[in-house]
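# Working through the structure, step by step
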Amino acid sequence: MKRISLLIQFVFVSAHAVLAQLNFDFQNYQPLKCSGEMPQDFKIELEKYVQEAENNSSLSKKDKAQHVKYAEISNHNLNNLLYSGKVLYGDPLSQYINKVADIALSNDKPLRQQLRFYVLKSAVPNAFATQRGVIFITIGLLAQLESEAQLAFVICHEAIHVKNNHNIETYKRRQNIKLRNNNALMDDMLDYSKDNELESDREGFKLFVSSPYGTKEINKLFDVLMYAYLPFDEIPFDPTYFNTNAMYKLPGKYFLSDVSQITAEEDVADSLSTHPNIKRRKHAIARLIEEKGKTDGVSFYVSKSDFLQVLQAARYELAMVHLQELDTEDALYAAYLIEKHYGNSLFADKIKSAALYMMSVQKSSNFKQFKSGKPIKVGGKVNETTEYYYDNIEGQ
């Protein structure tokens, strides 16, 4: 009887996995949209959280005042983000993330029930948690990840920020520093922030090792984060790319012969940073792995096929985000990378056309001098599609 029961469970799980598999039409890719019923996070008014802080009888008068103020500020900012139009829910990427969270946090069900995961349409590779239990993972980060296990560790890390109330405690410390205006306290604040990050790594690791995922992926994740300021791949730009025939050729002088070198350092000075450097984080995790003695585990548990589709979709979305943020050079290079990885598509053609048109408009209107944001020269092959070409395209 037990054998039959197990067999039925196996068949059910297998059938569920088949039904749940993602199936993007990348040849005719359409931008991701929210789907299904709107989550409660989008419906609850700010006043509810302020009243909860005001009614907390366990707090001292000073702590209550700080909690009320924090509830006002943090939930106002969170609501603004939720209503920005950049947050996805019910879409395939968010659904996949939630499935991975179910596995990664399966041994702490109360914590899992406290958390809600959403995808944020931002090119910045990042994940961050809020006091309310809402965790955002950006398109920029999803486009860079190499495995499901890496996503699982990100989830475990952010979950600890929520569980250990890092947001509210950080806010209270900052308020105390403002009142006392002490430089030494500011250094203490930065140290405290780094301690929170290491604590989230450490306790997140405990959650992670109780899941099926393999620890070998964690160090790879740190490498991904170290180079995350770069595009999702590094492929030389072909200077003949725009040459359609003998009648149309762009002169080679329009492209850089040398590009800025990629720079990344594990042991970079972090005294003025809120995060510890990569070397410290790697060493701390290495010690934990040695203590636990667990090096086995899988890189994919929910579905490798689904992960690869999520990765591809995130890269397509990233190209669109670059366009929306007027980072036209990054959009053009992202479309170029998409073609190199996934072949020609109508989607990539649309991104290229829009990027080139916008670059021409920017050039003709001298728009570049007003452009703000990250520096264009970030190192690597993306420079081949950007600064020099931009300065030489016809703009009249």
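Cut-offs applied
Residues numbered from 1 in each chain as written. Predicted model: local features only at pLDDT ≥ 70, side-chain atom pairs only at ≥ 80, totals over all residues. Heavy atoms only, no water. Helix = DSSP H or I, 4+ residues; strand = E, 2+ residues; numbered from the N terminus. Buried < 20%, exposed > 50% of the residue type's maximum accessible area, 1.4 Å probe, protein only. Contact = heavy atoms within 4.5 Å. Areas by Shrake-Rupley, 256 points an atom, 1.4 Å probe, with all protein chains shown as cover. Expected span 1.5 Å × (residues − 1). Polar contact = N/O pair within 3.5 Å; in protein donor to acceptor, adjacent residues only side chain to side chain. Core = buried A, V, L, I, M, F, W, Y, C linked by side-chain atoms within 4.5 Å. pLDDT = per-residue confidence, 0-100. Salt bridge = Lys/Arg side-chain N within 4 Å of Asp/Glu carboxyl O. Pairing = 2+ DSSP bridges. Axes fitted to C-alpha atoms, helices over the stretch in contact; angles between N-to-C directions. Patch = residues over 30% accessible without salt bridge, like charges linked within 9 Å, V, L, I, M, F, W, Y side chains within 5 Å. Lys, Arg positive; Asp, Glu negative; His and termini not counted. Charge placed at Lys NZ, Arg CZ, Asp CG, Glu CD. Phe/Tyr/Trp six-rings, centres within 6.5 Å; stacked < 30°, edge-to-face > 60°. Lys NZ or Arg CZ within 6 Å of the ring centre and 35° of its normal.

### Here we look at the overall build of the chain
- A count of helices and strands for the chain gives 15 helices and 4 strands.
- For the chain, with 396 residues in total, the buried portion stands at 46%.
- Taking the intrachain contacts of the chain between residues at least 6 apart in sequence as the baseline, contacts between residues at least 24 apart amount to 75%.
- Of the roughly 21,000 Å² of accessible surface on the chain, 53% is carried by carbon and sulfur atoms.

### A word on helix H12 (residues 304-324)
- Taking 1.5 Å of rise per residue, the 21 residues of H12 would be expected to cover 30 Å, and the 30 Å separating its terminal C-alpha atoms lies within 8% of that figure.
- With 17 of 21 residues buried, H12 lies mostly within the body of the structure.
- For H12, the N-terminal cap is Ser-303; the gap from its side-chain oxygen to the backbone nitrogen of Ser-305 is 3.3 Å.
- Leu-326 occupies a position one or two residues after H12 and carries a positive phi of about 65°.

### A short note on the environment of Ile-160
- Take Ile-160: it is sitting in helix H7 (residues 148-163).
- With relative accessibility at 1%, the residue Ile-160 sits in the buried group.
- Separated by 44 residues in the primary sequence, Ile-160 and Gly-204 place their C-alpha atoms 6.0 Å from one another.
- Ile-160 has contacts with His-166, Glu-199, Ser-200, Glu-203, Gly-204 and Leu-207, leaving out every residue within four places of it along the chain.

### Description of the nonpolar core
- By size, the foremost hydrophobic cluster in this structure holds 82 residues, and its most contacted members are Tyr-29, Leu-93, Leu-142, Leu-151 and Ile-155.
- Of all the elements, H12 adds the most residues to this core, at 11 residues.
- Contacts of Leu-142, omitting those with residues within four sequence positions, involve Leu-93, Ile-97, Val-119, Ile-137, Leu-151, Leu-311 and Ala-314.
- Ranked by size, the runner-up nonpolar core spans 9 residues in total, among them Phe-42, Leu-78, Tyr-89 and Phe-136.

### Some details on the confidence of the model for the chain
- In this model, the chain carries an average pLDDT of 85, and 85% of its residues clear a pLDDT of 70 or more.
- Here residues 1-19 is a poorly scored stretch, pLDDT under 50, and it has 0 contacts once near neighbours within four places are set aside; other chains count.
- Long-range and interchain partners of residues 369-377, a stretch whose pLDDT sits below 50, account for 13 contacts in this model, where long-range means more than four residues apart.

### Considering the side chain of Asp-41
- Note on placement: Asp-41 falls in the loop between helix H1 (2-20) and helix H2 (46-54).
- Other than its neighbours up to four places away in sequence, Asp-41 contacts Asn-79, Leu-82, Arg-116, Tyr-118, Arg-132 and Val-134.

### Some points on helix H13 (residues 328-342)
- In this model H13 runs 21 Å from its N-terminal to its C-terminal C-alpha over 15 residues, within 8% of the 21 Å that 1.5 Å per residue would give.
- Gly-343 sits one or two positions beyond H13 and adopts a positive phi of about 90°.

### Notes on the pattern of salt bridges
- Per the stated rule, a full pass over the model turns up 16 salt bridges.
- Close ionic contact of Lys-352 with Asp-349 constitutes a salt bridge, the shortest N to O distance being 3.3 Å. Linking Lys-352 with Asp-349, this pair stays in helix H14 (residues 346-364), spanning 3 residues, or about one helical turn.
- Using a relative accessible area of 34% as the deciding quantity, one classes Asp-349 as partly exposed.
- Look at the salt bridges and you will find they share partners, linking Asp-63, Glu-169 and Lys-172 into a network.

### Regarding the sheet that holds strand E3 (residues 127-129)
- Overall, mixed pairing links the 4 strands, which are arranged E1-E2-E4-E3 in an open sheet. Since the sheet does not close on itself, it has two edges, and those belong to strand E1 (87-88) and E3, each with one partner.
- Bridging between strand E2 (residues 116-120) and strand E4 (residues 134-138) involves 5 bridges; their strand directions are parallel. Counted as the bridge partner of Val-119 is Ile-137 from E4.
- Across the face of the sheet, helix H3 (residues 61-82) comes into contact with E1, E2, E3 and E4 while running at roughly 45° to E4.
- Where H7 meets the sheet, it contacts E2, E3 and E4, and its direction lies at approximately 25° from that of E3.

### Description of a negative patch on the surface
- Together, Glu-45, Glu-47, Glu-54 and Glu-72 line one region of the surface with negative charge.
- Assignment of secondary structure puts Glu-47 in helix H2.
- Under the relative-accessibility criterion, Glu-47 is labelled partly exposed at 49%.

### A look at the packing of aromatic side chains
- Within this structure, the stated rule accounts for 24 aromatic pairs.
- Seen from their ring centres, Tyr-118 and Phe-136 are 6.3 Å apart, and the 40° between their planes marks the pair as tilted. On the criterion of sequence distance, the pair formed by Tyr-118 in strand E2 and Phe-136 in strand E4 is long-range, its members being 18 residues apart. For the pair shown, Tyr-118 and Phe-136 are each scored as buried.
- Their ring planes at 85° and their centres at 5.1 Å tell us that Tyr-241 and Tyr-336 sit as a pair that is edge-to-face. Linking Tyr-241 in the loop between helix H10 (216-226) and helix H11 (278-292) with Tyr-336 in helix H13, this pair joins segments that are 95 residues apart in sequence.
- Here the guanidinium or amino end of Lys-48 rests over the ring plane of Tyr-49, the centre of that ring lying 4.8 Å away.
- When the ring centre of Tyr-192 is taken as reference, the NZ or CZ atom of Arg-173 above it lies at 3.9 Å.

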